[in-house]
Amino acid sequence: MKRLVLLMFGLFSFICISSCKSTKDNTSDLSELLTLIESRSFDIENNWALPLLGAQINLVTNDNHLRFRKDSIDIFLPYFGVRQFSGGYNAEAGIRYEGLLNDLKIDSSHADKVKLRFETSTGTEQIRYILTMYPNGKSNLQLLMNQRDNISYRGFYSKEEVK
């Protein structure tokens with residue numbers, strides 16, 4: 001009985017200690033993230049697609065990216081969802097855009113994340129992007145579209161590699 005009580009106390013202590021939140025100050029991590037965002041030289045790769053309807057889809061073996069390069073952006077994302085309006089013949093099945101990055105809005109008012117908002121337009125399709133980046137390297141991306149169901153992606157960001 002005594003061993004059982006000691007075991008229970010040890011287990012309880014371990015759970016309490018391991019569940020305590022770190023008291024590390026994220027201010028320096030957030031300032032590093034803001035510096036990276038201001039440089040506009042970083043890449044985002046997604047591990048998961050989260051369609052509006054249906055289960056999440058693993059993207060580990062699917063090519064996908066958002067590449068920020070100063071005043072331009074290169075986007076290639078697979079799309080899983082329903083197209084509400086016809087895209088015409090030879091319409092792109094995924095999300096593809098390469099061009100200037102206009103109207104980028106950066107919201108750094110949160111203590112633990114930075115949100116970027118921007119839009120792209122190709123033909124009749126307009127897409128609003130809401131990209132949330134965290135100091136730990138993770139990112140969430142929401143796409144709000146006028147011709148397709150909305151979709152979200154989860155992944156990570158990295159600094160542009162010099163080639």
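Residues numbered from 1 in each chain as written. Predicted model: local features only at pLDDT ≥ 70, side-chain atom pairs only at ≥ 80, totals over all residues. Heavy atoms only, no water.

This brings us to the confidence of the model for the chain. A residue-level look at the chain finds 76% of positions with pLDDT of 70 or above and a mean pLDDT of 84. When pLDDT is averaged over each element of the chain, strand E9 (residues 138-145) comes out on top at 97 and helix H1 (residues 2-19) at the bottom at 56. Confidence over residues 20-25 falls short of pLDDT 50; this stretch has 1 contact with residues more than four positions distant or in other chains. (pLDDT = per-residue confidence, 0-100. Helix = DSSP H or I, 4+ residues; strand = E, 2+ residues; numbered from the N terminus. Contact = heavy atoms within 4.5 Å.)

This part takes up the packing of aromatic side chains. Geometry of an aromatic ring pair is reported as the spacing of the ring centres plus the angle between the planes. On inspection of all chains with the given rule, the structure shows 3 aromatic pairs. Pairing Phe42 with Phe68 gives two aromatic rings, centres 4.5 Å apart and planes at 20 degrees, and the pair type is stacked. With Phe42 in strand E1 (residues 41-51) and Phe68 in strand E3 (residues 65-69), this residue pair connects regions lying 26 residues apart in the sequence. Owing to a relative accessible area of 1%, Phe68 belongs among the buried residues under this scheme. Ring centres of Phe118 and Tyr129 lie 4.7 Å apart, and the angle between their planes is 10 degrees; on these two criteria the pair is classed as stacked. (Phe/Tyr/Trp six-rings, centres within 6.5 Å; stacked < 30°, edge-to-face > 60°. Buried < 20%, exposed > 50% of the residue type's maximum accessible area, 1.4 Å probe, protein only.)

Another aspect to go through is the side chain of His65. Within the element layout of this structure, His65 appears in strand E3. What makes His65 buried here is its relative accessible area of 9%. Setting aside anything within four residues of it in sequence, one finds His65 in contact with Ile44, Asp74, Ile75, Phe76 and Leu77.

Regular strands have side chains that alternate between both faces of the sheet. As defined by bridge partners, E1 adjoins strand E10 (residues 151-159) across 9 bridges and the pair is classed as antiparallel. Opposite Ile44, over in E10, you have Tyr157 as the bridge partner. Where E9 meets E10, 6 bridges bridge the pair, whose relative direction is antiparallel. Across the sheet, Ser139 pairs through a bridge with Gly155, a residue of E10. Hairpin geometry of E9 and E10 is characterised by an intervening segment of 5 residues between the two adjacent antiparallel strands. (Pairing = 2+ DSSP bridges.)

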